[in-house]
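These are the residues of each chain, in order.
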Amino acid sequence: MSKPRSDKAGPDAKKKKGPIRRFLEWPIRIVLGLVGLLLLYLALAVVLGLITTNSDWKQAESGRRVYVITNGVHTSFILPRGAGDDNWLRFVPFEKASNANCPYIEFGWGDRGFYLETPQWSDLKVSTALEAVFLPSSTVMHVDYWEWEPPVKDHIRRLVLDDEEYGRLVDFIKESFALDSSEKVQRIPDAGYHDRDAFFQAKGSYSLFYTCNDWTNAGLKEAGVKTAIWSPFDKAILYHLPAAQEK
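Once a new chain begins, its residue numbering starts again from 1 and follows that chain's sequence as written. Residue-level local features of this predicted model are given only where pLDDT is at least 70; pairs of side-chain atoms are given and counted only at 80 or more, and the full residue set underlies all totals for whole chains, interfaces and linings. Note that the side-chain values use all heavy atoms of the structure and ignore hydrogens as well as water.

A. Geometry of unusual backbone geometry. Phi is positive for Asn-54, which is not a glycine, with a value near 55 degrees. Segments assigned H or I by DSSP are reported as helices when at least four residues long, segments assigned E as strands when at least two residues long, and all are numbered from the N terminus. The topology assignment puts Asn-54 in the loop between strand 1 (52-53) and strand 2 (64-70). On the accessibility criterion, Asn-54 (25% relative accessible area) is partly exposed. One non-glycine residue, Asp-190, adopts positive backbone phi at about 60 degrees. Among the secondary structure elements, Asp-190 is positioned in the loop between helix 4 (163-175) and strand 7 (197-201). The buried label applies to any residue whose accessible area, calculated with a 1.4 Å probe on protein chains only, is under 20% of its type's maximum; exposed applies above 50%, and partly exposed to all values in between.

What follows is the structure, encoded as structure tokens:
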């Protein structure tokens, strides 16, 4: 005689998910998805940062000394001021730097909000960081007028470019400025960190996929210098540049 079937589910039967549990699963899935995308982004940055472009490039025996500098997060170019028609002060004039005590000029492209609202790391706001990372945003060019030639250190790398390479880099930097109807740069009034720098309107949008370091990396590519395929962070740029040794 067989036992009557029970209407109750066995211990291995799948339990039904309640509405609260189903509701709570979505935030978890979203968080896991964002973490996965972040890990993928970091993995691509590492892999593509290690792959070299312009791998056959070598420093010129003689030429223009150009520097790449990083503050640990953001990279910039430092170029000689030049003379005559090649004098950078003809393109980015600044009354306090229009004397002989300005042999080098630094150019850094980046997010407008981050640059103008964060003079110190202690001034960084969560909203500014999130907007810079996740939303395409407007950009500015930071120009710093140096009173001395930069020293060669781990965070300051020296390159020697021939005339053709240097010319391509100069054109790249100039093309990054947003010009007015008179083909002049547009200085942002009352913007600066000290008395020897200035901010100008720039072209392009800052995003997670084109950062300040990508801009520097693009300039190196344009000049024909050995650099990374993609470098949203400064580490890959420094990895491909000549070691910090005096020459």
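B. Representation of the sheet that holds strand 3 (residues 75-80) in the model. Note on pairing: two strands pair once DSSP finds at least 2 bridges between them. Taken in spatial order, the 6 strands make up an open sheet running 6-2-3-4-5-7, and their pairing is antiparallel. Bordering the open sheet on either side are strand 6 (156-161) and strand 7, each of which pairs with just one other strand. Direction aside, neighbouring strands of the sheet carry axes that sit 25 degrees apart on average. Pairing geometry for strand 5 (residues 139-146) and strand 7, over 5 bridges, is antiparallel. Bridge pairing in strand 7 links Asp-144 to Asp-197. Helix-sheet contacts for helix 4 involve strand 2, strand 3, strand 4 (104-111), strand 5 and strand 6, and the interaxial angle to strand 3 is about 125 degrees. Its contacts with the sheet put helix 5 (residues 212-223) on strand 2, strand 3, strand 4, strand 5 and strand 6, and the angle it makes with strand 3 is roughly 40 degrees. To define axes, lines are fitted to C-alpha atoms, for helices over the stretch in contact only, and angles between the resulting N-to-C directions are given on a 0 to 180 degree scale. Contact criterion: two residues are considered in contact whenever any of their non-hydrogen atoms come within 4.5 Å of each other.

C. A look at the side chain of Ser-176. Position of Ser-176 relative to the elements: it lies in the loop between helix 4 and strand 7. Discounting residues that sit within four places of it in the chain, Ser-176 has contacts with Trp-109, Met-141, Ala-202, Lys-203 and Trp-215.

D. Molecular detail of the pattern of salt bridges. When a carboxyl oxygen of Asp or Glu is within 4 Å of a side-chain nitrogen of Lys or Arg, the pair counts as a salt bridge. As enumerated under the stated definition, the model contains 6 salt bridges in all. One salt bridge connects Lys-235 with Asp-234, and the closest N-O pair in it is separated by 3.2 Å. Lys-235 gets classed as exposed once you look at its relative accessible area, which sits at 54%. Note on Asp-234: relative accessible area 4%, which makes it buried.

E. Up close: the packing of helix 4 against helix 5. Interaxial distance between helix 4 and helix 5 falls to 8 Å at its minimum, and their mutual angle equals 145 degrees. Where helix 4 crosses over helix 5, the handedness of that crossing is right-handed. Residue-level contacts link Glu-165, Arg-168, Leu-169, Phe-172 and Ile-173 of helix 4 to Trp-215, Ala-218, Gly-219, Glu-222 and Ala-223 of helix 5. We call Asp, Glu, Lys and Arg charged. Ala, Val, Leu, Ile, Met, Phe, Trp, Tyr, Cys and Pro are nonpolar, and the rest, Gly among them, are polar. Residue composition of the contact of helix 4 with helix 5, by class: 6 nonpolar, 1 polar and 3 charged. Crossings are classed by handedness, with left-handed meaning an anticlockwise turn of the near helix from the far one by less than a right angle and right-handed meaning a clockwise turn.

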